[in-house]
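# Architecture and fold: a report
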Amino acid sequence: MRKIYVIGIGAGDPDHLTLQAAKAIGRTDVFFLLDKGEAKESMIELRRRLMKAYGRPSRRVAEGRDPERDRTPADYQGTVADWRSRRSAVTEALISEHLLDGETGSFLVWGDPSLYDSTIAILEEILARGQTLFEYEVIPGISSVSTLAAKHRIGLNRVGQPFQVTTGRRLAEGWPAGVDDVVVMLDAQQAFIAHPDAYVYWGAYLGTADEILREGRVSEVADEILKTRAEARERHGWIMDTYLLRRDS
């Protein structure tokens, strides 16, 4: 039986790698990489560094092209479902062609595989089709959410209070009910600007040499964050940012 690891490698700092993850990398015969284009080359480079540092000399790398998807679709759920289906076809082809029976393959996942990542769902979709068989194990990683809190030296929750992790798309629909602390990911539209009285802890490229941190009352720092974000995106060709939005309870 083929074995696959889904390994969380942290938010960008090579030292985020756990001992469990390093051991799994060392047991891997084939690493699967989905190329997102030159703009995301730095994300691929971290994976290559980890493979070189902890992988077997005999390791192999199987690369596929990550399908493009519409980032501003009219039908968000349908668009994501279609993208995942196309991505699962690419992934299944890589596994079928490059991973032999009895071998171990790995996907090195940015952050943590359980938080806004599609790898687990894609592997389940492949297994459901019943054509390519394998077993898989998920190894947790340090997420951008944990890294954000550590860099700002804050707790994500306040005493006796819950917090919620959501997306910019959902925040744009309104502040979530029942919480005063909201962690926001995947916010291409900077939905925090609609909440000027809240306090924001913002971070981009967390854990990397390009890390940027800002904090303050939204009404006071929103313009600076928007300007900084736009400049960084232009410079790097991509951006990954996360923030905690906190309002007075």
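None of the values given here were measured: they were computed from a predicted structure.

### Some remarks on the nonpolar core
Formed by 40 residues in total, the largest nonpolar core has its most connected members in Ile 7, Ile 9, Val 200, Tyr 243 and Leu 245. Broken down by secondary-structure element, the contributors of at least two residues to this core are strand S1 (3-8), helix H1 (19-26), strand S2 (30-35), helix H2 (41-54), strand S7 (181-185), strand S8 (199-204), helix H7 (218-236) and strand S10 (241-246). In contact with Tyr 243, not counting residues within four places along its chain, are Leu 148, Leu 171, Val 182, Val 183, Val 184, Asp 187, Ala 191, Phe 192, Val 200, Tyr 201 and Trp 202. Ranked by size, the runner-up nonpolar core spans 15 residues in total, among them Ala 62, Leu 99, Ile 122 and Ile 126.

### What about H7?
Across its 19 residues, H7 extends 25 Å between first and last C-alpha, which sits within 8% of the 27 Å expected from 1.5 Å per residue. What H7 keeps buried is the set Val 218, Val 221, Ala 222, Ile 225, Thr 228, Arg 229 and Ala 232. On its buried side, H7 packs onto S8, strand S9 (212-217) and S10.

### Section: the packing of aromatic side chains
Applying the stated rule across the entire model yields 4 aromatic pairs. On the basis of an interplanar angle of 25° and a centroid distance of 5.0 Å, the ring pair of Phe 32 and Phe 107 is categorised as stacked. On the criterion of sequence distance, the pair formed by Phe 32 in strand S2 and Phe 107 in strand S4 (residues 104-109) is long-range, its members being 75 residues apart. Overall, the relative accessible area of 4% leaves Phe 32 in the buried class.

### Some thoughts on the pattern of salt bridges
Here the structure, examined in full by the defined rule, presents 15 salt bridges. In this structure, Arg 246 and Asp 181 form a salt bridge, with 2.2 Å as the shortest nitrogen-oxygen distance. Placement of the pair is Arg 246 in strand S10 and Asp 181 in strand S7, with a sequence separation of 65 residues. A residue is classified by how much of its surface remains accessible, and Arg 246, at 12% relative accessible area, is buried. Salt bridges sharing partners connect three or more residues here, namely Glu 92, Glu 125 and Arg 129.

The rules behind these values
- Residues numbered from 1 in each chain as written.
- Predicted model: local features only at pLDDT ≥ 70, side-chain atom pairs only at ≥ 80, totals over all residues.
- Heavy atoms only, no water.
- Core = buried A, V, L, I, M, F, W, Y, C linked by side-chain atoms within 4.5 Å.
- Buried < 20%, exposed > 50% of the residue type's maximum accessible area, 1.4 Å probe, protein only.
- Helix = DSSP H or I, 4+ residues; strand = E, 2+ residues; numbered from the N terminus.
- Contact = heavy atoms within 4.5 Å.
- Expected span 1.5 Å × (residues − 1).
- Phe/Tyr/Trp six-rings, centres within 6.5 Å; stacked < 30°, edge-to-face > 60°.
- Salt bridge = Lys/Arg side-chain N within 4 Å of Asp/Glu carboxyl O.

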